[in-house]
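A closer look at the structure
What follows is each chain in one-letter form.
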Amino acid sequence: MLSKSQARAFFLGGTFLFSAIFVFLTVDTLRQNESRTNAQNMTADVLKGKEIWEKNNCMGCHTLLGEGAYYAPDLTKVVERRGATWIDVFLDDPQAMFPGERKMIIYGFNKEEKGQIIAFLDWVGKIDANGWPPKPNIPIDSIATPQVPQAKSNAVVMAQPEKFSQLCVACHAVGGKGGNVGPALDHVGSKFDSDYLNRWLSDPQAIKPGTNMPKLPLTDPERKDIVTYLSALK
Amino acid sequence: MRFQSQKVAYWFFATCMLLLSLQIVYGFIMGFARIGFDGLHDFIPFNTARATHTNLLVVWLLTGFMGAAYYIIPEESDRELYSVKLAYIQLLSWVVVGVVAIIGFHFNWWEGRKFLEIPRPLDYLVVVNVLTFLFNIAMTIWQAKKRSTTQLVLFFGLLCAALLYLPGMIYFDNQTLDSYFRWWVVHLWVEGVWELIMGGILAFLLIKLTGVDREVIEKWLYVVVGLTFLSGILGTGHHYYWIGTPKYWLMVGGIFSALEPLAFLGMAIWALNMYRKKGKNHPNKIALYWTLGSAMMSFIGAGFLGFAHTWPAVNQWTHGTLITAMHGHLAFWGAYAMLVLAVISYAMPNLTGRKLFTGMSGYLAFWASNIGMLGMTGALAVAGITQVYLERKLGMDFLVVQKEIIFHFIGMLLAATLFTVGITYFIVDFIRHGLPSDEAVGKNAGDLE
């Protein structure tokens, strides 16, 4: 049977051996870090963004690289998923973008700070994280019975304007693709004329006070493109 | 209690009770926010509640460890504490730092690194404080008439815990490195040196409560903490799968995480075997419940539930979901919270001379809090598995999935209520014991030695 001094030797020897291996692997990890994290792309904006991220304890709700608090979405690939424009609009008033949902603090970042946060998140999204997060691997159609064949939509006839795919799809769906916060827009063109759509997009509150639709920062040509697109959805 | 100076421990335990109550309050704030009742959003947003909840946990457990050390070390060293005055100063400053940190969280003053949110200036004060504590303990051991393995393992654990706090204070502008070294603190604490502290405290309690020969218990203590370090050090790798570190961590972390339950299994088998070999029945059954309960629950919570999601092929889906919260709750409860409650249950009758362990309320505290915690873990498990399937495997939107699992959080809140009832019983008993009394010095209520 094991004696006490053998047990002590097991403890001390094991601790020493595995600590040594751990230190060795740490040195190697540090050596590879530059290339795996694209350290050359860490601009001043990225570093500033990280400071803002930490100063406001964003990890207290969100996760980044899967680390955080599980109360709000993981932001590792958020720039790839939503696009910089959307995040920029979202940060001004997060609650307006997801009305009645989980609340995020309105921090009131200025244009520059928002750019820094986006730069940081963009850099994080490009870290070689061994393929994480993985792509969903159960096709949703395989378990849900398809609904009644969808009413024919003009969605495919016309390409979506750039701003539409950056901003609107976060809440609205067209042809079954997009968010479900706001109503689907498949037939919006037959419900409203282009003049109404134009006024609606310019200032939703003026048309329907109390609406959850936020006023989006669109230039005149951008708004015109979207109105043309929506009018075609019949 | 044998020595006058052990009375210091009482004040540490009292602080524990206070901070634990506060931690539960913040837990409820988060639970309600998750089912849509976030009326406190403007004053205590989720990230504040979360930082407060987890930091209170760390602070009250450390307070408990310190109290345990102040109780155990004099007894193991067979002499008074080196300086009682220093111990009180240390407690007072510890509480001040903790309170300032928590108030700071409510004013956006923090570091924003999960579990290590305490702002940097306060970090330095923590270091000074812990060094003071270690100095006091070290001097007591240094001048002791006898050395015991239990005493040394406990001291070594506390020392390493202090040293490992330092990597968390280095600033890295690279997110990957920031995360890499943050885990040196967080993982190597809870799955490394804290287990050493746990082993030391457990050994002390087993010696006192079972009457088994010290040599036998201490031999197995070495084996158990040996297994802990053997698996736990490289087990840190399970935090390094997806943060931008090399691929070999998947293999290293996977293999050594799979070994981690062994250490906890060893702990449970050790405790149960020592209990079976007991020479006499110790009257403080409640302390025995918490002691053996801790050994077993830590195997389920930290060992088994940890094992359930650290294998890389599983972890790629569960990483960053409520599965982690599920594991975290039972792991901390079983391994550390129950152990601190065990020390308190054992020490209180000795400190005050009042043998409240004969009553019913101690058992109620034990069963209600344990069933409550198992219920919370179960609710989080179902919510977490649902989240993994809907959000990760099917690709549904985060917020849509969160709505689907509201029901399980209602279940969690109900279980948390039962848990709170148990803790309330425990605290009421604690208060009923009254203050430590001089008449209790030199006597140990029902000890075998």
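Residues numbered from 1 in each chain as written. Chains lettered and ligands numbered in written order. Predicted model: local features only at pLDDT ≥ 70, side-chain atom pairs only at ≥ 80, totals over all residues. Heavy atoms only, no water.

**Describing the pattern of salt bridges**
Using the criterion set out here, one finds 26 salt bridges over all chains in the structure. Across the salt bridge formed by Glu218 of chain B and Lys4 of chain A, the nearest N and O atoms sit 2.9 Å from each other. Here Glu218 of chain B, found in helix H7 (residues 214-235), pairs with Lys4 of chain A, found in helix H1 (residues 4-36), and the two come from separate chains. Here Lys4 of chain A falls in the buried class, since its relative accessible area comes to 16%. A salt bridge links Asp178 of chain B to Lys50 of chain A; the shortest N-O distance between them is 2.8 Å. One end of the pair, Asp178 of chain B, is in helix H6 (residues 175-210); the other, Lys50 of chain A, is in helix H2 (residues 44-55), on a second chain. (Salt bridge = Lys/Arg side-chain N within 4 Å of Asp/Glu carboxyl O. Helix = DSSP H or I, 4+ residues; strand = E, 2+ residues; numbered from the N terminus. Buried < 20%, exposed > 50% of the residue type's maximum accessible area, 1.4 Å probe, protein only.)

**A short note on the nonpolar core**
If you look at the biggest cluster of nonpolar residues, it comprises 227 residues, and the most contacted ones within it are Leu230 of chain A together with Trp189, Trp194, Ile201, Trp270 and Trp333 of chain B. Sort the elements by how many residues they give to this core and H6 of chain B lands first, with 23 residues. Beyond its immediate sequence surroundings of up to four residues, Trp270 of chain B is in contact with Gly199, Leu202, Ala203, Leu206, Ile217, Trp220, Leu221 and Val224 of chain B. (Core = buried A, V, L, I, M, F, W, Y, C linked by side-chain atoms within 4.5 Å. Contact = heavy atoms within 4.5 Å.)

**Overview of the UniProt feature "domain: Cytochrome oxidase subunit I profile" (unreviewed entry) in chain B**
The UniProt record marks residues 8-394 of chain B with the feature "domain: Cytochrome oxidase subunit I profile" (unreviewed entry), using the residue numbering of this structure. Between the end C-alpha atoms of residues 8-394 of chain B the distance is 55 Å, and the span holds 78% helix and 0% strand. (UniProt positions renumbered as here; feature names shortened; annotations may be inferred.)

**Thoughts on the side chain of Asp186 of chain A**
Within the secondary structure layout, Asp186 of chain A lies in the loop between strand S4 (177-178) and helix H8 (188-191). No salt bridge is formed by the buried Asp186 of chain A. Its closest oppositely charged neighbour is Lys191 of chain A, at 8.7 Å. (Lys, Arg positive; Asp, Glu negative; His and termini not counted.)

**Remarks on the domain arrangement of chain B**
All names here are of chain B. Partitioning chain B into structural domains gives domain 1 (1-147) and domain 2 (202-433). The distance between the C-alpha centroids of domain 1 and domain 2 comes to 20 Å. Taken residue by residue, the interface counts 28 residues in domain 1 and 31 residues in domain 2. Taking both partners together, domain 1 and domain 2 bury about 2600 Å²; carbon and sulfur atoms supply 80% of that area. There are two salt bridges connecting domain 1 and domain 2. Of the charged contacts, one joins Glu75 and Lys208 as a salt bridge, the two residues approaching to 3.0 Å between their closest N and O atoms. (Domains from an automatic or database assignment. Buried area = accessible area lost by both parts, 1.4 Å probe.)

**Considering the packing of aromatic side chains**
Going through the model one piece at a time under the given rule, you end up with 48 aromatic pairs over all chains. Between the aromatic rings of Phe11 of chain A and Phe156 of chain B, the centroid separation amounts to 6.4 Å while the plane-to-plane angle is 85°, which identifies the pairing as edge-to-face. Taken together, the residues span two chains, with Phe11 of chain A in helix H1 and Phe156 of chain B in helix H5 (residues 149-163). Judged by relative accessible area, Phe11 of chain A falls into the buried class, the value being 4%. Seen from their ring centres, Tyr289 of chain B and Trp367 of chain B are 6.2 Å apart, and the 90° between their planes marks the pair as edge-to-face. Of the two residues, Tyr289 of chain B sits in helix H9 (residues 285-310) while Trp367 of chain B sits in helix H12 (residues 361-393), which places them 78 residues apart along the sequence. Here Tyr289 of chain B falls in the partly exposed class, since its relative accessible area comes to 31%. (Phe/Tyr/Trp six-rings, centres within 6.5 Å; stacked < 30°, edge-to-face > 60°.)

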